[in-house]
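# Examination of the molecular architecture
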Amino acid sequence: MRRRPVDLPDVPVVVVSHRGPVSFRREADGTRSVRRGAGGLVTALAGLGRHLPDAVWVCAAATEEDATVAREHGGRALTVAFDPHPRVVGPSDDAEDTLQVRLVEVDPERHADFYGVVANPLLWFVQHNLFGLATAPSFTERDHDAFRKGYAAVNEQFADAVATEVEDREGRALVLVHDYHFYLVPELVRRRCPNAVITHFVHIPWPGPSAWRILPREMRGRLLTGLLGNDVVAFHTEGFARNFLLCAQEILGLPVDLAAMTVDAGDRRIEVKHYPISIDVAAFRALAATPAVEDHVRQLREDLAGSGCRLVVRVDRTDPSKNIVRGFRAFGLMLEQHPELVGQVTFLALLQPSRLDIPEYTDYLARIGAEVALVNARHARSGHRPIDLRLEDNLPLAVASYRLADVLVVNALADGMNLVAKEAVVVSERDLVLALSENTGAHQELGAFAVTLHPFDVQQQADAMYAALTMPSARRAEQCRAAARVVEENDVGKWLRAQLADVAPLLAADPSR
Ligand code: GDG
């Protein structure tokens, strides 16, 4: 019998997220391969499936081979074993550590509207405050259409898949919905499965009502109403949770209790909570000690030894919310104002190209390249480039750079949490100084042990980078250790257990729900 992570009543669990725990591929030799899904959310939730018998994970078929596998299983869930590596197993296999996975195949045109018109360029932009409102957004019939025929239709398709899984479990289940792709799912599932307990975790910031008023009335109303189908709506920080209640109050006119953190919708009371997500510290340290990471550490040490350089690092997707261009501008300004540092410090920027099917993201990538060229042209010295920009998906290299960084720059405009900051402090070998934006969820936990960055003030960021690079070593050691302790004490297990402990009474309270 598998161990349950908390004393959770014996209720099946249905997890819903856009990205899934596994992905299939057709290799050049014609064989089918399966790998673990990437990303923080998948890693955080993988443990859940391992500990809960009967858990099923509903996710999008992300590759062509995923879609083929989904069809082969008639659209129903398949069983995947994870240990020692992911593989599909049948009923006669005696595998432990298994999870049901239901891959939902979405029509490509519908998915393009859902993902490439609504979820990323619209909801992500509203929630990270990325619009320059004088010119954007500017809604046309195309956007309204994409909302109805893309976002809403995909949400309906997922709600149908989830409800079918819940009905297969006699209508009683704990449904854990994740992120901004599925705000309409909870209400749709509740209509069909009134006895389910439904929770939603939003991984990105939740701004106040004025930001949501950028969206047309119909869209913002439907998104909020969809979320109110949950029993619990959860965020990384208390501020985001409060903003959600203010939206329910001001946009929908519902009664909210800001002390109890609840909102009433009809005869139901919805709890609004916050749980800061984190990392699996032991697993991350084990990753940092693998040969692949060691190889990169060796290579980076050699590169740096040549120039005797101090190392500033950033690791991000090329997302406008990460504020990469202003970060480089601030670094250039610091070099201008402290010329003695020129040739003495390298800014290693490991950036993973992201969402390049969206014009705003390709434009942003071009701006990143232009800013790097400018700083490097101005401050290059015989063979030394101040900014070493690497556009690649290379997690072992990222982890190696955490180990060797003197300063880690996280200057995001807005970030739900930011796991990079948490990962770097637990594997640092050089007592890195965390230069951390005040607009990240992580700043709530780690700000006391960081140099705070104001994301829009380039001069302040330049001064802060200088302060970080010149901080006395005793203080660096003290701060880095304190930050690591905070992450050790608040790891991803705590994030998960706190949520399950909070829903346990809901599941136990009314067995006929
Ligand atoms: C969203 C929210 C919230 C780094 N380089 C590579 C790579 N990484 C990993 C890091 C880290 C993850 O990617 C990035 O996580 P973040 O939290 O920093 O940022 P988002 O991707 O924007 O995540 C964020 C998070 O969800 C969880 O709720 O914290 O606020 O925006 O784990 O180590 N991964 C791969 N290749 C790399 O080169 N595959």
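The sections below set out a description of the structure shown in this document. (Residues numbered from 1 in each chain as written. Predicted model: local features only at pLDDT ≥ 70, side-chain atom pairs only at ≥ 80, totals over all residues. Heavy atoms only, no water.)

Before going further, it helps to examine the overall build of the protein. The helix and strand tally for the protein stands at 18 helices and 19 strands. Taking 513 residues into account, the globule formula puts the C-alpha radius of gyration at 24 Å, and the protein, at 23 Å, falls close to it. In terms of its C-alpha atoms, the protein occupies a principal-axis envelope of roughly 70 × 55 × 45 Å. Total accessible area on the protein stands at roughly 21200 Å², and carbon and sulfur atoms take up 50% of it. (Helix = DSSP H or I, 4+ residues; strand = E, 2+ residues; numbered from the N terminus. Rg over C-alpha atoms; globule rule 2.2 N^0.38 Å. Areas by Shrake-Rupley, 256 points an atom, 1.4 Å probe, with all protein chains shown as cover.)

On to the packing of aromatic side chains. Throughout the structure, instances matching the rule amount to 17 aromatic pairs. Ring geometry for phenylalanine 125 versus tyrosine 361: centroids 6.3 Å apart, planes at 55°, classification tilted. With phenylalanine 125 in helix α3 (residues 108-127) and tyrosine 361 in helix α12 (residues 359-379), the pair connects residues that are 236 residues apart, well separated along the chain. A residue is classified by how much of its surface remains accessible, and tyrosine 361, at 0% relative accessible area, is buried. Geometrically, the ring pair formed by phenylalanine 331 and phenylalanine 347 is edge-to-face, given 5.0 Å between the ring centres and 75° between the ring planes. Here phenylalanine 331, found in helix α11 (residues 324-337), pairs with phenylalanine 347, found in strand β15 (residues 345-352); they are 16 residues apart in sequence, far enough to count as distant. (Phe/Tyr/Trp six-rings, centres within 6.5 Å; stacked < 30°, edge-to-face > 60°. Buried < 20%, exposed > 50% of the residue type's maximum accessible area, 1.4 Å probe, protein only.)

The environment of the ligand is formed by 20 residues, the closest being His203, Asp393, Asn394, Asp415 and Glu423. For the ligand, an oxygen atom lies 2.7 Å from a polar atom in the side chain of histidine 203. Glycine 416 places a polar main-chain atom, nitrogen or oxygen, 3.1 Å from an oxygen atom of the ligand. Contact with the protein chains removes 84% of the 740 Å² of surface that the ligand exposes when unbound. (Near = heavy atom within 4 Å. Polar contact = N/O pair within 3.5 Å; in protein donor to acceptor, adjacent residues only side chain to side chain.)

A few words on the pairing of strand β7 (residues 98-104). Across the seven residues that make up β7, a large majority, six, are buried. Bridge count between strand β4 (residues 56-60) and β7: five bridges; the pairing is parallel. Note on β7: the bridge partner recorded for alanine 60 is valine 104. (Pairing = 2+ DSSP bridges.)

Attention shifts here to the sheet that holds β4. The 11 strands lie next to each other as β6-β5-β7-β4-β1-β8-β9-β10-β13-β12-β11, forming an open sheet whose pairing is mixed. The two strands at the open ends of the sheet, each matched to only one other strand, are β6 (87-89) and β11 (256-257). Relative to β7, strand β5 (residues 78-81) runs antiparallel, the two being bridged by four bridges. The partner of leucine 78 across the bridge, within β7, is valine 101.

Glancing now at the environment of valine 410. Within the fold, valine 410 resides in strand β17 (residues 407-410). Between the alpha carbons of valine 410 and leucine 434 there is a distance of 7.8 Å; along the sequence they are 24 residues apart. Excluding anything up to four places from it in sequence, valine 410 contacts Asn418, Ala421, Ala435, Leu436, Ser437, Thr440 and Leu453. (Contact = heavy atoms within 4.5 Å.)

Our next topic: helix α17 (residues 473-489). Since there are 3.6 residues in each turn of an α-helix, residues three or four apart along the chain are aligned in direction. Taking 1.5 Å as the rise per residue, α17 with 17 residues should run 24 Å; its terminal C-alpha atoms sit 24 Å apart, in good agreement. Listed as buried for α17 are Arg476, Ala477, Gln479, Cys480, Ala482, Ala483, Ala484, Val486 and Val487. Of the surrounding secondary structure, the elements contacted by the buried residues of α17 are α9 (281-288), β14 (310-317), α14 (419-427), β18 (433-437), α15 (442-446) and α16 (458-469). (Expected span 1.5 Å × (residues − 1).)

What follows covers the sheet that holds β18. Pairing between sheet strands relies on hydrogen bonds along the backbone, with the strands arranged either parallel or antiparallel. On the basis of which strands lie adjacent, the open sheet formed by six strands has the order β16-β15-β14-β17-β18-β19 and parallel pairing. Taken across any chain shown, the strands that pair with only one partner, and hence form the sheet edges, are β16 (387-391) and β19 (451-453). The average angle at which neighbouring strand axes cross in this sheet is 20°, direction not considered. As judged from the eight bridges shared by β14 and β15, these two strands associate in the parallel manner. Across the sheet, residue arginine 310 finds its bridge partner in β15, namely valine 345. (Axes fitted to C-alpha atoms, helices over the stretch in contact; angles between N-to-C directions.)

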